[in-house]
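# Inside the fold
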Amino acid sequence: MNPLVLVFATPLLGSLVLAIMGHKPHGRNVNVAFSFGTLLAAMALTIRIVAQGPLFALSDQFFIDSLNIFLVTLTALIGFTTSVFSRPYMRIEEDRGKMTHGRMRLYFSMYQLFSFCMLLALTTNNMGILWVAMEAATLTTVLLVSVYRTPASLEAAWKYFILCGVGIAQALLGTILLYMAAQKVIEPGLNPLLWTNLNASKLVLNPTIMSLAFVFLLVGYGTKVGLAPLHNWLPDAHAEGPTPISAVLSGLLLNVALYAVIRCKILADGALQNNFAGNLMIGFGLLSVLVGAFSLLRQRDIKRMFSYSSIEHMGIMTFAFGMGGPIANFAGLLHMTVHALSKSAVFYAVGHAAQKARSQIMDDIRGLIKVSPTVGWGLMMGTLAILGMPPFGIFASEFLILTSAMHQLPWAAPVLLLGLAVAFGAIFSRVQPMVFGETNVKPLAHPPALLPVFLHLGLALMLGLYIPSYLNEWFLQAAAIIGGR
Amino acid sequence: MTDLSIQMINLFASLLLLLAFAMLAQRRVINLVHIYAMQGLTVVAATSLVAYVTHQEHLYYSAAMTLVLKVFLIPWILHRLIKQLDIRWDVETLINIPSMMLAGIVLVVFSFNLSLPISKLSTSVTPGTLGIALACVLLSFMMMITRSKALPQVIGFLSMENALVFAATSATYGMPMVVELGIALDVLVGVFILGVFMFQIREQFESLDISHLENLKEE
């Protein structure tokens, strides 16, 4: 059986099953089981791609190549480890009275449905279905962000819905314009919304229409990436939702949105034959780096702080893809992978730390190492990883991006360095007293899930030192597909 | 006959623009829902006419779906919400209505300017309507950001989506059916979720005034 069908069927089935029995004590384990099944299916798909190269499926409606296969596996992996993290985390939340039975069912079934929507968005060949899947992913996470039903979470979810809804409406307009450009040049027998057909004819797409289409698509999908100035929903959604959702939002959904932007950029570059698309992305990327970095200085809530860090990192990635060229693209893809792993590891540690201290305000969390060395060291290591300390993978990707910036866009390198330095100072100075020193936190009622933290950090460390040959191959191929200067 | 049909399509497009302005000026919430339903009806009429002129069968299905969803189902859901939430107020706007109308005119001129080069390249029968569709999108957006209550924001969002469907019809004879179905499903689910939210916002804040939802800031 085509492993792609399993990749879709498993989370869909999981969503249905958990909608019925998610509140039972073993509902958490069923969630983990379905996520593990999705991971196995994704790994089977990966093996198939390694063996046979790019794959079309289901009458060309789905297309897996080197650009999305590693994202599919990453999504399945982080979906699985987050479900492992959800087990003790949601159990503690339930014990503290923050979740009812109905909301547990909602949480687990929406979690699986969210996985399904992301995998659909990553593997679809149809630009229209890409839009539908992105909107559906937004809708599922809106329900997940508001699951605690506190006033703050309702505000966060409403803001998220309205801002991302407006953003994604712009993306729909961009898709309509793209369709209009495509209808003129693609032969009548072929589907004009399939990315592969568009990619084959990208040189003859009308430049006027394509430039307007790309602007709308960048603004639209860029809202979901968290690019400044469209990022206002991001800190609230991360801070008020359950921590597993912050982890998958930062680690996965932002990546999927950036993937959508990249696919559109490839088409725009082909049609426009100048650096218009890339320059727009460089502008938004640098703005996001600066806004993210300087906003870090004012934060008091730990999850808001790390969400601004996500904005900064997505800015770095957007800048890298905007610059283009083999090294910057490779570095951007590597950054997408290690950032997802490191940021989700940080959020796992942060989640348990906040539960121990019963507060998300950083001044209330002190001295984690004394009470729970594993959570404390997990947070410290995760922070070092996300700040770009060698030998973690983010150092490698940031180094590559900086050096290629120095070659191609020398004026941008000081801006990036400033952003990275400010972020380092801001985050490290906040995390250090939280981990070391006198403690005020209590142990948790159930053992925290620390395997995911160290698994992710281990992978991030490995990718900083050694990239497996097939991953290297995919990054190189994908970098060539993305093109650029 | 096609000449008359094309004139009729342009007429419906102008009606759509007029209704968008009417929404901007409207203060009572129940009338907003009625204007939204009328917008849906206009889109249905325009889509059916385009289907007739260009012999694109799938546009009839698209028009039927719009009719069921946007003229009957969603306004009915909104009516029920208004009754259950007991919303009776006249809507306050952040900027006074004459200023909003002037801003709306500026937006329309801007949209027409923006879409002029694209309309020249369009091969569809109604190239001029793309500018109107873009103007309606921007007007709905302005309505969303200048209203201080939850339900008008939702209606602004829905009317933006209506304008986008009309843009798709006028520029590209609609989108492939599977995409249209997906969009319709997203809109429907979105309305449900927004309805659920409005209840919860009301429960938490005892009011549907959006200014209550401005507390999440950095200190």
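In this text the structure is predicted, and so the values were computed from the model without any measurement.

### Observations regarding the environment of L287 of chain A
All names here are of chain A. Here L287 lies in helix α11 (residues 276-295). Given a relative accessible area of 39%, L287 falls into the partly exposed group. Along the backbone, L287 and A228 are 59 residues apart, and their C-alpha atoms lie at a distance of 6.1 Å. If we ignore the near neighbours within four places in the chain, the residues touching L287 are A228 and P229.

### Some remarks on the side chain of S146 of chain A
Take S146 of chain A: it is sitting in the loop between α5 (127-145) and α6 (151-185). Owing to a relative accessible area of 0%, S146 of chain A belongs among the buried residues under this scheme. Engagement of the side chain of S146 of chain A in a polar contact is seen with the backbone oxygen of L143 of chain A, the distance being 3.3 Å. The residues contacting S146 of chain A, other than those within four sequence positions of it, are S153, L154 and A157 of chain A together with F197 of chain B.

### Some words on helix α19 (residues 469-482) of chain A
All names here are of chain A. In this model α19 runs 20 Å from its N-terminal to its C-terminal C-alpha over 14 residues, within 8% of the 20 Å that 1.5 Å per residue would give. Looking at the buried residues of α19, the elements they touch are α2 (27-52), α3 (66-95), α10 (243-272), α12 (302-323), α13 (326-357) and α18 (451-465). Of the residues trailing α19, G483 is marked for its positive phi of about 70°.

### What about the packing of aromatic side chains?
All names here are of chain A. Counted under the stated rule, the structure contains 17 aromatic pairs over all chains. An angle of 80° between the planes, with centres 5.9 Å apart, marks the rings of W377 and F436 as edge-to-face. Linking W377 in helix α15 (residues 373-386) with F436 in the loop between α17 (412-435) and α18, this pair joins segments that are 59 residues apart in sequence. Through successive ring pairs, a cluster of aromatic residues spans F8, F62 and F116. Here the basic side chain of K224 rests over the ring of W233, its NZ or CZ set 5.5 Å away from the ring centre. The ring of W195 carries R263 above its face, with NZ or CZ at 4.2 Å from the centroid.

### Considerations on the interface of chain B and chain A
On the chain A side, the residues contacting the 46 residues of chain B number 48 residues. The contact between chain B and chain A buries some 4,200 Å² in all, and 76% of this surface belongs to carbon and sulfur atoms. Our count for the chain B to chain A interface comes out at zero salt bridges. Run the count over chain B and chain A and you get one residue pair in polar contact (both at pLDDT 80 or more). Those elements that provide at least two residues to the side of chain B that touches chain A are α4 (97-121), α5 (129-146), α6 (150-172) and α7 (177-205) of chain B. Here the side of chain B that touches chain A takes 15 residues from α7 of chain B, the largest share from any one element. When grouped by side-chain class, the residues that make up the side of chain B that touches chain A number 30 nonpolar, 11 polar and five charged.

Thresholds, definitions, all that
Residues numbered from 1 in each chain as written. Chains lettered and ligands numbered in written order. Predicted model: local features only at pLDDT ≥ 70, side-chain atom pairs only at ≥ 80, totals over all residues. Heavy atoms only, no water. Helix = DSSP H or I, 4+ residues; strand = E, 2+ residues; numbered from the N terminus. Buried < 20%, exposed > 50% of the residue type's maximum accessible area, 1.4 Å probe, protein only. Contact = heavy atoms within 4.5 Å. Polar contact = N/O pair within 3.5 Å; in protein donor to acceptor, adjacent residues only side chain to side chain. Expected span 1.5 Å × (residues − 1). Phe/Tyr/Trp six-rings, centres within 6.5 Å; stacked < 30°, edge-to-face > 60°. Lys NZ or Arg CZ within 6 Å of the ring centre and 35° of its normal. Buried area = accessible area lost by both parts, 1.4 Å probe. Salt bridge = Lys/Arg side-chain N within 4 Å of Asp/Glu carboxyl O. Nonpolar A, V, L, I, M, F, W, Y, C, P; charged D, E, K, R; others polar.

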